[in-house]
Amino acid sequence: MYKKMYLWIILIVLFLSLTCMTNAAAPMEFKHGKTMWLLHVYTGEFWWNTIQEFLKQQVEADGWNFNFVSADGSDTTQFDQIITYAQQADILFVYPTSTNGINVAVKEAEEKYHCPVVAYTNYITGKSRECVMYDDKTAGQLMAQEAVKWIQDKYGTTVGKTVIAINGDLTMSGWKLRQDGFDWVKANHPEINYIQIVGGLTPEGWADVADSCIAGAGGKVDAIISASDGAYLLGTLQALAKYGKLYYKGDPKHVFIASIDGKPSTLQWLRYGYIDTVFAQVPDVMAAAQWQLAKEYILKDASYQSAPYTIPEIPLPLTIKQPAGTYWGGEDLVATLDKVDFSETPIAISPLPRITSDNVNTWEVYGNSIVKLLGVDIDPIPTFEAKGTVPEWSQGLLDAYKAFVGQ
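Residues numbered from 1 in each chain as written. Predicted model: local features only at pLDDT ≥ 70, side-chain atom pairs only at ≥ 80, totals over all residues. Heavy atoms only, no water.

A. Molecular detail of the sheet that holds strand S9 (residues 256–261). Strand order in the open sheet formed by six strands is S7-S6-S8-S9-S10-S14, with mixed pairing between adjacent strands. Either end of the sheet is taken by a strand with one partner, and the two such strands are strand S7 (193–198) and strand S14 (354–355). In this structure, strand S10 (residues 277–280) lies alongside S14, joined through two bridges in antiparallel fashion. Each residue of the ladder has a partner; that of Val278, found in S14, is Ile355. In the packing of helix H5 (residues 136–155) onto the sheet, the strands contacted are strand S6 (162–167), strand S8 (223–226), S9, S10 and S14, and the crossing angle to S9 comes to about 170°. (Pairing = 2+ DSSP bridges. Helix = DSSP H or I, 4+ residues; strand = E, 2+ residues; numbered from the N terminus. Contact = heavy atoms within 4.5 Å. Axes fitted to C-alpha atoms, helices over the stretch in contact; angles between N-to-C directions.)

B. Spotlight on helix H9 (residues 231–242). Taking 1.5 Å per residue, twelve residues should reach 16 Å; H9 reaches 17 Å between its end C-alpha atoms and fits that length. When H9 is considered as a whole, its buried residues turn out to be Tyr232, Leu233, Leu234, Gly235, Thr236, Leu237, Ala239 and Leu240. At the exit of H9 stands Gly244, carrying a positive phi of roughly 70°. (Expected span 1.5 Å × (residues − 1). Buried < 20%, exposed > 50% of the residue type's maximum accessible area, 1.4 Å probe, protein only.)

C. Broad picture of the pairing of strand S11 (residues 318–321). Residues Leu318 and Ile320 point to one face of S11 and are all buried, whereas Thr319 and Lys321, pointing to the other face, are not buried. Examined bridge by bridge, S11 and strand S12 (residues 334–337) share four bridges and lie antiparallel to one another. By the bridge assignment for S12, Thr319 is matched with Thr336.

D. Examining the packing of aromatic side chains more closely. The full count for this structure, using the stated rule, is 22 aromatic pairs. Seen in terms of ring centroids, Phe54 and Tyr366 are 6.5 Å apart; in terms of plane orientation they differ by 65°. Their pairing is edge-to-face. In this pair, Phe54 sits in helix H2 (residues 46–61) while Tyr366 sits in helix H12 (residues 366–369), placing the two residues 312 residues apart along the sequence. The pair Phe54 / Tyr366 is uniform in exposure class, with both members buried. (Phe/Tyr/Trp six-rings, centres within 6.5 Å; stacked < 30°, edge-to-face > 60°.)

E. How the structure looks around the environment of Ala287. By secondary structure assignment, the location of Ala287 is in helix H11 (residues 283–298). Counting along the chain gives 232 residues from Ala287 to Leu55, while the straight-line C-alpha distance between them is 4.8 Å. Ignoring anything within four residues of it in the chain, the contact list for Ala287 reads Phe54, Leu55, Gln58 and Tyr120.

F. The side chain of Ser343, seen in detail. Structurally, Ser343 is set in the loop between S12 and strand S13 (347–350). A polar contact is formed between the side chain of Ser343 and the backbone oxygen of Ile124, at a distance of 2.5 Å. Here Thr345 takes part through its backbone nitrogen, which lies 3.0 Å from a polar atom of the side chain of Ser343. If near-sequence neighbours (up to four positions away) are discounted, Ser343 is found in contact with Tyr123, Ile124, Thr125 and Gly126. (Polar contact = N/O pair within 3.5 Å; in protein donor to acceptor, adjacent residues only side chain to side chain.)

G. How the structure looks around the sheet that holds strand S3 (residues 91–94). The four strands are arranged S2-S1-S3-S4 in an open sheet whose pairing can be described as parallel. Across the chains shown, the open sheet's two edge strands, defined by having one partner strand only, are strand S2 (65–70) and strand S4 (117–119). Across this sheet, the average inter-strand angle for adjacent strands is 20°, counted without regard to direction. Across four bridges, the pairing between strand S1 (residues 35–40) and S3 is parallel. Looking at S3, one finds that Leu38 is bridged to Phe93. Those strands touched by helix H3 (residues 75–85) are S1, S2 and S3, and its axis lies near 175° from that of S1.

H. A look at unusual backbone geometry. The linkage connecting Ala307 with the following residue, Pro308, adopts the cis geometry, with an omega of 10°. Mapped onto the fold, Pro308 is located in the loop between H11 and S11. Between Asp379 and the following residue, Pro380, the backbone shows a cis peptide bond with an omega angle of 0°. With respect to the secondary-structure elements, Pro380 resides in the loop between helix H13 (371–374) and helix H14 (394–405). With phi around 60°, Lys34 is a residue other than glycine that occupies positive phi space. Positionally, Lys34 belongs in the loop between helix H1 (2–25) and S1. Although it is not a glycine, Asp72 adopts a positive phi angle of roughly 50°.

Functional significance is not addressed by these values, which are geometric in nature.
Printed below as a string of structure tokens:
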């Protein structure tokens, strides 16, 4: 009798053990079927579309469902979108409309709806999982310093010279930080006529203020530093040409022009010799690095969607290397994800490649590599009736680019 009882006990224990092992081995399914949403700040211009396209590539390559919606620059709209889509997604990537306008919504998405939120490309002052951002302020300051040095080298003095700084909607952290960098001119060279103009969210707005400013300057323009390029820079070049101020690089009357972004059109204008320097953004790096972080540390399983609803933290500090096939200035450069004093979100600041006629035909530069994926940002890329002599290196760069894109 006891032997039979012991046998039954052993069988029950084995059955329970096997059941537990089976349940433990069974992976938890994501509640929304591996669905992510990008809540974008704005769509319709090449840069914004690119940052979306690169992320889509990464997400879909791993079998996740990619979706996006635009807030058209509105804090209120994006706030509501965060609450709505946190209930439909397994993770949100949010390109913030401002640094603090959506903090409460992000907190609610994570704490009430258990949906992790990544601050994509621009940061928030509140807490999200992580952010990899461009070093906007440093890029702006380096551009400002380069413009001033160019003036000093050309004229031997900066007294009475004019620098125009053109920027976008300063509620967005990227453009605001670039303006902080540009303002180095005002802080360090009060003898320079430093003119700050703001074009808002759209390229058309930038074109309007550039035309008015260059016309009003009466031809006294020595350097222009632009916080974005491509369609945003187009109006500036058109205005310079319109008022007889567009000269090839190297000409005594050339106006120094530097920009941030590195879109295909702008790299082409650099090859033509219209502009001097581009500080390239790295949307391909941001997409690859941020999705990899999410995949490795946040989405390794779906346990955060069940009690006790603990969303994983990324271990800090964490070194991030240049993703394969991208260019952020060289493979020896790294970024470090860590705590910062201006945000509750851990942030990594990517390197910022400086592009000139010497390295514009590095094909891994985003503005080159994107052409085979999405084409050019302005089709056809405009050319201008610049004055002076075409630089001797220009045609060689243009021919090599044609061979790269197969024309």
